[in-house]
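# Architecture at a glance
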There are 2 protein chains.
Amino acid sequence: MTPPSTPETSASLPEFERQVRKEIPLAQAMDLRFVAHDAQSLTVTAPLSPNINDKGCAFGGSLASILTLAGWGLVCLELQQRGLSAGVYVADSTIRYLAPVWSEITAVARLADGESFDGFAGMLAVRGRSRISVVCEVPLPDGKPAAVLIARFAAIDEARSRKAAG
Amino acid sequence: MTPPSTPETSASLPEFERQVRKEIPLAQAMDLRFVAHDAQSLTVTAPLSPNINDKGCAFGGSLASILTLAGWGLVCLELQQRGLSAGVYVADSTIRYLAPVWSEITAVARLADGESFDGFAGMLAVRGRSRISVVCEVPLPDGKPAAVLIARFAAIDEARSRKAAG
């Protein structure tokens, strides 16, 4: 299945947000919103208030959670749009915390350089498992990043795994 | 100031937990508990229920938050015990997610190999800033880690910074 050639913010984004907030209580506690999605990126926001730390800026754990969820969401939504069913898991991640965030948190996830969803989906179809690297940033008003995550996500086709195990 | 020579679980741990849960709403949402602390380690737990994901195991963002908070807590408590006042910030971290966690989450933070609190505190006293690396694991019942974080924390003596700026 080919992804739409002129993708805009997915019609399925509100439904995806509803499901994530229902199934992941911490996403609800952080008041996470999935605000924009296209073929290249996913943008996620959360207000400062539930994500504040003892210093009055964004808690590092909240930043880590939001960055990870934005990357995970980017991969999940792409698989949904391609009609592929697979569990998506974070395998590893590196985060650099560069500056404090004193207002609403925004995280933008994109594929890492050299990665492609076509290659990722192709491998998933052939082997039932695939990996892809995502970069996710929290931009400040001046455009510089306050935090940067690089993470690898694994997709596993559960049905094929069960079939192989049976 | 020399740290106590036979430190056991800090008398100040319940007070530290109360303060963290009050000042970091996400720690409260995760139902985080600081359960044991000595000169070498800090152990933090959280029940699965508020930290669950769409697959029924621990959410990666919760693991990242708990691991980060355990490392941060280890550094903060050591500074407290030495009577040192400094803000502690996570600078960067790498997490490997190795296995799903299907029950209560436990995270144990220790200094990374080659690090010492004496060196860290000495540098803080001399320069008003210092860095230290912490390793934090989520052990499974069989002793193998489900997740491992390596993180660098920066301590900044705010009073000295203000004095320098003034």
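Here is a short report on the structure shown in this document.

### Some words on the interface of chain B and chain A
- Facing 30 residues of chain B, the contacting portion of chain A comprises 30 residues.
- In total, about 2,400 Å² of surface goes out of reach between chain B and chain A, with carbon and sulfur atoms giving 66% of it.
- A per-residue breakdown of the area chain B buries against chain A is headed by B:Leu26, B:Phe59 and B:Tyr97, which together make up 23% of the total.
- Inspection of the region where chain B meets chain A yields 10 residue pairs in polar contact (both at pLDDT 80 or more).
- Where the side of chain B that touches chain A is concerned, the elements lending two or more residues are helix H2 (25-29), helix H3 (60-81) and strand E3 (87-97) of chain B.
- Across the side of chain B that touches chain A, the residue classes break down as 17 nonpolar, 8 polar and 5 charged.
- Judged from the 5 bridges that link them, strand E3 (residues 87-97) of chain A and E3(B) form a sheet pairing that is antiparallel. Across the sheet, residue A:Ile95 finds its bridge partner in E3(B), namely B:Ser93.

### A word on the relation of the copies chain B and chain A
- Between the two copies, chain B and chain A, the superposition gives an RMSD of 0.0 Å; the rotation angle is 180° and the shift along the axis is 0.0 Å. Taken together, the rotation and translation describe the operation of a two-fold axis. It is B:Thr94 whose C-alpha, among those of chain B, lies nearest the rotation axis, at 2.1 Å.

### Let's talk about the packing of aromatic side chains
- Per the counting criterion, the structure on display carries 6 aromatic pairs over all chains.
- Three or more aromatic residues joined by ring pairs make a cluster, and in this case those are A:Phe16, A:Phe34 and A:Trp72.
- Positioned over the ring face of B:Tyr89 is A:Lys55, at 4.8 Å from the centre of the ring.

### Some points on the pairing of strand E2 (residues 41-46) of chain B
Residue and element names in this part refer to chain B.
- In terms of residue burial, E2 counts as a mostly covered element, since 6 of its 6 residues are buried.
- Note: strand E1 (residues 33-37) against E2, 4 bridges, orientation antiparallel. For Ala36, the partnering residue across the bridge sits in E2 and is Thr43.
- Between the antiparallel neighbours E1 and E2 lie 3 residues.
- Summarising the sheet, E2 and strand E4 (residues 105-111) pair through 6 bridges and their orientation is antiparallel. From the neighbouring strand, Ser41 faces E4, where its bridge partner is Arg110.

### Some points on helix H4 (residues 117-127) of chain B
Residues and elements named next belong to chain B.
- Among all positions of H4, only Phe117, Phe120, Ala121 and Leu124 are buried. Along the axis of H4, the buried residues cluster in a sector spanning 95°; they form a single face. Exposed and facing more than 90 degrees away from the buried side of H4 are Asp118, Val126 and Arg127.
- Once H4 finishes, Gly128 follows within two positions and takes phi at roughly 80°, a positive value.

Rules and cut-offs
- Residues numbered from 1 in each chain as written.
- Chains lettered and ligands numbered in written order.
- Predicted model: local features only at pLDDT ≥ 70, side-chain atom pairs only at ≥ 80, totals over all residues.
- Heavy atoms only, no water.
- Contact = heavy atoms within 4.5 Å.
- Buried area = accessible area lost by both parts, 1.4 Å probe.
- Polar contact = N/O pair within 3.5 Å; in protein donor to acceptor, adjacent residues only side chain to side chain.
- Helix = DSSP H or I, 4+ residues; strand = E, 2+ residues; numbered from the N terminus.
- Nonpolar A, V, L, I, M, F, W, Y, C, P; charged D, E, K, R; others polar.
- Pairing = 2+ DSSP bridges.
- Least-squares fit on C-alpha atoms with pLDDT ≥ 70 in both.
- Phe/Tyr/Trp six-rings, centres within 6.5 Å; stacked < 30°, edge-to-face > 60°.
- Lys NZ or Arg CZ within 6 Å of the ring centre and 35° of its normal.
- Buried < 20%, exposed > 50% of the residue type's maximum accessible area, 1.4 Å probe, protein only.
- Arc of directions from axis to C-beta.

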